[in-house]
Amino acid sequence: MSDHEAPRVLQVKGRVLVGPEDVRDEIWAVDGRVTYERPAGADEAVVVTGWALPGLVDAHCHVGLDHHGAVDRATTEKQALDDRGAGALLLRDAGSPADTRWTDDRDDLPKIIRAGRHIARTRRYTRNYAYEIEPDELVAYVAQEARRGDGWVKLVGDWIDREVGDLTACWPREAVAAAIAEAHRRGARVTAHCFAEDSLRDLVEAGIDCIEHATGLTEETIPLFAERGVAIVPTLVNIATFPSLAQGGEAKYPRWSAHMRRLHERRYDTVRAAYDAGVPVFVGTDAGGVLAHGLVADEVAELVKAGIPALEALSATTWGARAWLGRPGLEEGAPADLVVYDEDPRRDVRVLAAPRRVVLNGRVIG
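For clarity, every value in this text was computed on a predicted model and none was experimentally measured.

Parameters at a glance
- Residues numbered from 1 in each chain as written.
- Predicted model: local features only at pLDDT ≥ 70, side-chain atom pairs only at ≥ 80, totals over all residues.
- Heavy atoms only, no water.
- 1 Å grid on protein atoms, 1.4 Å probe; cavity = no way out; pocket = protein on both sides within 12 Å on 5 of 7 lines; lining within 4 Å.
- Points joined across faces, edges and corners; volume = space filled by probe spheres on them.
- Helix = DSSP H or I, 4+ residues; strand = E, 2+ residues; numbered from the N terminus.
- Nonpolar A, V, L, I, M, F, W, Y, C, P; charged D, E, K, R; others polar.
- Buried < 20%, exposed > 50% of the residue type's maximum accessible area, 1.4 Å probe, protein only.
- Phe/Tyr/Trp six-rings, centres within 6.5 Å; stacked < 30°, edge-to-face > 60°.
- Lys NZ or Arg CZ within 6 Å of the ring centre and 35° of its normal.

*Asks:* So what about the layout of surface pockets? Which residues, and what values?
*Replies:* Here the largest pocket defines a volume of roughly 700 Å³. Lining the largest pocket are 27 residues, and of these Thr126, Trp159, Phe195, Leu245 and Val290 sit closest to its centre. Per-element tally for the lining of the largest pocket: the top contributor is helix 7 (residues 242-249), with three residues. Of the residues assigned to the lining of the largest pocket, the class counts are 12 nonpolar, 11 polar and four charged. The volume enclosed by the second largest pocket comes to roughly 200 Å³. Taken together, 13 residues line the second largest pocket, and the ones lying closest to its centre are Ser96, Ala98, Asp99, Gly116 and Arg117. Its residues assigned to classes, the lining of the second largest pocket shows three nonpolar, three polar and seven charged.

This is the structure we're talking about:
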C-alpha cells in the first residue's frame, strides 16, 4: 500500500462522538467513507482506538498567504499539513491571493472552503492581500469572487484611516447592501473583517452572514446580531496580538493604539456577551497572515476562557461548525475525516492539543 493509499477498511473503536450526546462504540471507514455497518473485510481492518471526533474546523484561516502576500506551493502545502497535524481537516479560507485549487486533488490535505480574495478599500488593508477598489466597483468584484469562491465572499469592513488616525468603516451602507444582495443572488454568503464598532450595524442590516473578529460588538449591536442570526468568528488567538500592534503604532497613531487596547481588554466579555445573547460563535484562528497554522486547539481553549461552555466551544469546531458550513460530520456515507484522542475532549478541551491519530479520507495519516 502506498503512502497516499487508504486502507479499504478502517475501524475506530472506543467512543465515537458523532454528536454532543450521540456516542457510539465504533465506526468504520470503507474506501474512505463512513459506515456504521460491519463491512465485508472487517477481519482485515486497520484498527484505531480512542475518543473520536469529526475532523476539526478552522473557520477563519488563510492558506497560501503570509505577511508578505501570496506564497509558493511548498509553503502552502506546509500550512495545510500543519493544520492537518492539529486535527483541522476542514478549513474556511477567509481570503487569499493565491490559487490553491490544486490542493483539491490531494486526498492527504484538509478540505478547503474558499472565500476568494479579500475585497478592500483603496489603501485600506495589508499590502498584497486584497483587491483594493472604490465603492462603485464593489458589486462587480463581489460577483467575481462569488464565482471564484466556494460559497463565500470576504470584505474588509473596517481598517485604519490614516487621515483620521483610527479605525473607520470602509464602505457606504448602500454599497455593501447592493454587494451583499449580489452575492446572495449568486448563492454565496458574505463575511467581513471588522475590528471596530462603526461598520457593524450597516453590515448586519445590509444582510451580511458573518463577521470576523467582531471585537467592536456592543450592547447595542449584539441584539441585532442575535435577531438576524449573524455568526461571529472571534479569532481570539489573533486578538491577543493587539497590544503589540498598538505599541508599534503608538507614536504615529495614538488614537488607533488606544482603541486597539480597549478592544483587546474587553475581548472575553464581548465574546461571552454575544454567546449569551444567542449569537452563533465559531472557531477560527486567522492563521496564515502573521500567525502559524495549526492553532485550532488554542482557539477552542480561548473560547472556554471567554466563558463559553466547553461542550459549546467543542461544537464550534466540530458538529456545529460543520453544519454551519454545510459539510458533513460522521454521517453514514460521509468522508471518513476524524481525529482520535486518548481522553474525552468534552471533559477538557485541552485534550485537542494532542491528537492521538488523524484520519483523513479513511487513511491514518498522523
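Having seen it, we continue.
*Asks:* A description of unusual backbone geometry should follow, citing residues and the corresponding values.
*Replies:* Despite not being glycine, Arg123 has its phi angle at roughly 60°, a positive value. Looking at the element boundaries, Arg123 is found in the loop between strand 10 (119-121) and strand 11 (131-133). Classification of Arg123 as exposed rests on a relative accessible area of 62%. With phi around 75°, His213 is a residue other than glycine that occupies positive phi space. Tracing the sequence through the fold places His213 in strand 16 (residues 210-213).

*Asks:* So what about the packing of aromatic side chains? Which residues, and what values?
*Replies:* Counting across every chain of the model gives seven aromatic pairs. Aromatic side chains Phe195 and Phe242 sit 4.8 Å apart centroid to centroid with 75° between the ring planes, which places their arrangement in the edge-to-face category. Residue Phe195 is found in the loop between strand 15 (189-194) and helix 4 (200-205), and its partner Phe242 is found in helix 7; the two are separated by 47 residues along the sequence. Phe242 shares its class with Phe195; the two are buried. One aromatic cluster is present, formed by Tyr125, Tyr129, Trp159, Phe195 and Phe242 through successive ring pairs. The residue whose ring lies beneath Arg24 is Tyr36, and the NZ or CZ to ring-centre distance is 4.3 Å. Residue placement shows Arg92 over the ring face of Trp152; its charged tip is 4.6 Å from the ring centre.

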